[in-house]
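Notes for the structure review
Listed here are the chains, written in short residue letters.
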Amino acid sequence: MKYFIFNYSHDLALACGMVHYNVSSVVDMMERDLRPLAAFMSEAGDTVWVAEDRAAACRRYYASHFAGKVRCSFDTVRAGIDQLCRISSAVEGSKTIVPWGWDYTLKRYVQGQTYDRPALEPLLPSHVDLANIRELSSRQTVVRILARLRDVLDGRLCGESWFCTKEEEIKRLMDKFDGRLMLKAPWSSSGRGVRFGAKGYTPYLVGWIRNVLAAQGGVEVEPMYDKLSDWAAEFMACSDGHVEYRGLSHFHTTGRCSYVANEVASQARLQEKFASEYSWDKFCEVVQVLTELIGREIAGRYVGPLGVDMMLCRDQETGGIVLHPCVEINLRHTMGQLAIRLEPLANSVARCRFVIRYAPTPRQLSDWLQAQPQAQLDADYRLIQGCLPLVPRFADSLYTACLIAE
């Protein structure tokens, strides 16, 4: 019996590192509009918590558009938590709150929705749990895992990175690589907290570096690569301490590293596409070593979903294609995992992608949706062509999520 609340501001809350992180109005709207996406991660008997006054509309929308494919129920957060606290303690072990990712801000928010905190407390992470999640989510973990991967599989991979705690260290790397570097704050998301060194050690970049060093204690620095495509390996960290590989995902980003879309296809089709560019056997070896390394890193400290972003790159010396096996590690649900769960909605021969669309005004969002080709479904209600909205649109919506087939 799972209760989903998708807090897409999770990475920003980790960056803040404080209980009183204030979500911006745009991010708040993103959460309100996209929380229903948790329906595609759920099973029959689960509940998805959505914004106030949206639960009834979600019930109608999914019953009408996804009958038989979405079998969860919907409730508002406050009413849902009150109901959860009243459920008999006999089923205590079967009750689980499933967020996009746990952080201090979300725990405080959930606690604030009920007066019955004793009933709720066993379902929430402890202060130590949250501290572990934040520490492990730092890009310092990426630097350690990548170095260990290269030690084990030396010569078969590309990628290196450094976690710098002093401005002088960053300046030396800038000089060494002639500015061809990416600089990343330890906690950030989807292009936020990322800067490029191509214009040199400018006053703007210096100011950003000093601010991040003061606020977050370090900066991850990595060379620029000739990226060809973005991929991710999706995992689940289990309660018994081992880590399971759950699948491959293929996604797209902008030149500024912001998320754009995920391919939605069977694992066989994604594997075939990946193997057309890089050795599948080598990838499987990387996954095996990653599973072991991540397991040792997080054992006893984190249970839940996680994803490791990778990229295929052009080797500047040989011209061949090489794998960067660990660009990011996300200790939370990921868009890649969501894309895997969306595969049953896509016709096997269609080229489908999952996209999130933002518009500055509700009217512009409505205009964009109306301009998309109407969804065409096969006999099994799988998308063949067109645009299939995955969340209901409300009068004040600025975000939508769609499955698009071309």
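Let me begin by describing the structure that accompanies this report.

Rules of the game
- Residues numbered from 1 in each chain as written.
- Predicted model: local features only at pLDDT ≥ 70, side-chain atom pairs only at ≥ 80, totals over all residues.
- Heavy atoms only, no water.
- Helix = DSSP H or I, 4+ residues; strand = E, 2+ residues; numbered from the N terminus.
- Rg over C-alpha atoms; globule rule 2.2 N^0.38 Å.
- Buried < 20%, exposed > 50% of the residue type's maximum accessible area, 1.4 Å probe, protein only.
- Areas by Shrake-Rupley, 256 points an atom, 1.4 Å probe, with all protein chains shown as cover.
- Lys, Arg positive; Asp, Glu negative; His and termini not counted.
- Charge placed at Lys NZ, Arg CZ, Asp CG, Glu CD.
- 1 Å grid on protein atoms, 1.4 Å probe; cavity = no way out; pocket = protein on both sides within 12 Å on 5 of 7 lines; lining within 4 Å.
- Points joined across faces, edges and corners; volume = space filled by probe spheres on them.
- Nonpolar A, V, L, I, M, F, W, Y, C, P; charged D, E, K, R; others polar.
- Contact = heavy atoms within 4.5 Å.
- Polar contact = N/O pair within 3.5 Å; in protein donor to acceptor, adjacent residues only side chain to side chain.
- Core = buried A, V, L, I, M, F, W, Y, C linked by side-chain atoms within 4.5 Å.
- Pairing = 2+ DSSP bridges.
- Salt bridge = Lys/Arg side-chain N within 4 Å of Asp/Glu carboxyl O.
- Axes fitted to C-alpha atoms, helices over the stretch in contact; angles between N-to-C directions.

For the rest of this paragraph, the subject is the overall build of the protein. When helices and strands are tallied, the protein shows 14 helices and 17 strands. Whereas a compact globule of 406 residues would reach a radius of gyration of roughly 22 Å, the protein reaches 22 Å, a difference of no more than 12%. Seen through its principal axes, the protein has C-alpha atoms that stretch 60 × 50 × 45 Å. Sorting the 406 residues of the protein into buried and exposed places 54% on the buried side. Approximately 18,600 Å² of the protein is accessible, and the part contributed by carbon and sulfur atoms is 50%. Between the centroid of the 47 positive side chains of the protein and the centroid of its 48 negative side chains there is a distance of 4 Å.

On to empty space enclosed by the protein. Within this structure, the stated rule accounts for two cavities of 30 Å³ or more. When residues of the lining of the largest cavity are traced back to their parent elements, those giving at least two are α8 (139-152) and α12 (280-298). It is α12 that contributes the most residues to the lining of the largest cavity, three residues altogether. Along the lines of polarity and charge, the residues of the lining of the largest cavity split into five nonpolar, one polar and one charged.

Another point: helix α5 (residues 104-111). When you tally the buried positions in α5, you get six out of eight residues, the bulk of the element. For α5, the full list of buried residues reads Y104, T105, L106, K107, V110 and Q111. Taken together, the buried residues of α5 touch β1 (2-5), α1 (10-16), α4 (77-86), β4 (96-99), α6 (117-120) and α7 (127-137). With a side-chain oxygen positioned 3.1 Å from the backbone nitrogen of T105, the residue opening α5 is D103.

Core analysis: the largest hydrophobic core is formed by 52 residues, its most contacted members being I97, F274, F283, L290, L306 and L323. Residue contributions to this core peak at nine residues, all from α12. Here L306 is in contact with A233, E234, F235, A237, I294, I298, N330, L331, R332 and Q337, once residues within four sequence places are set aside. A55, Y62, L338 and A339 belong to the second largest nonpolar core, which has 42 residues in total.

Bringing the pairing of strand β6 (residues 181-184) into the picture now. Burial along β6 is two-sided: the face carrying L181 and L183 and the face carrying M182 and K184 are both buried. As paired strands, β6 and strand β8 (residues 219-223) are joined by four bridges and run antiparallel to one another. Bridging from a neighbouring strand, M182 pairs with E222 of β8. Two elements, β6 and strand β7 (residues 194-196), share three bridges in a ladder whose sense is antiparallel. For K184, the partnering residue across the bridge sits in β7 and is V194.

All right, on to the pattern of salt bridges then. In this structure the tally under the stated criterion is 21 salt bridges. Residues participating in the shared-partner salt-bridge network are R139, K184, E220, E222 and E328.

In this section: the environment of Y62. On the secondary structure map, Y62 appears in helix α3 (residues 55-65). Spatially, the C-alpha atoms of Y62 and L390 are 8.8 Å apart, while their sequence positions differ by 328 residues. Residues contacting Y62, with those up to four places away along its chain left out, are P36, L37, F40, A67, V70, F74, L390, V391 and P392.

This part is about the layout of surface pockets. Its boundaries defined by the atoms lining it, the second largest pocket holds a volume of some 1,100 Å³. Together, 42 residues line the second largest pocket, and T96, V98, V303, G304 and P305 are the ones closest to its centre. Those elements giving two or more residues to the lining of the second largest pocket turn out to be β1, β4, α7, β9 (227-237), β12 (304-314) and α13 (335-342). It is β4 that contributes the most residues to the lining of the second largest pocket, four residues altogether. In terms of residue class, the lining of the second largest pocket is built from 23 nonpolar, nine polar and ten charged.

Strand order in the open sheet made by the four strands is β3-β2-β1-β4, with parallel pairing throughout. The open sheet has two edge strands with one neighbour each: β3 (73-76) and β4. Each adjacent strand pair in this sheet contributes to an overall mean axis angle of 30°, direction not counted. Here four bridges tie strand β2 (residues 47-50) to β3, and the two strands are oriented parallel to one another. Counterpart to V50 in the pairing with β3 is T76. Of the strands in this sheet, β2 and β3 touch α3, which is tilted by about 165° from β3.

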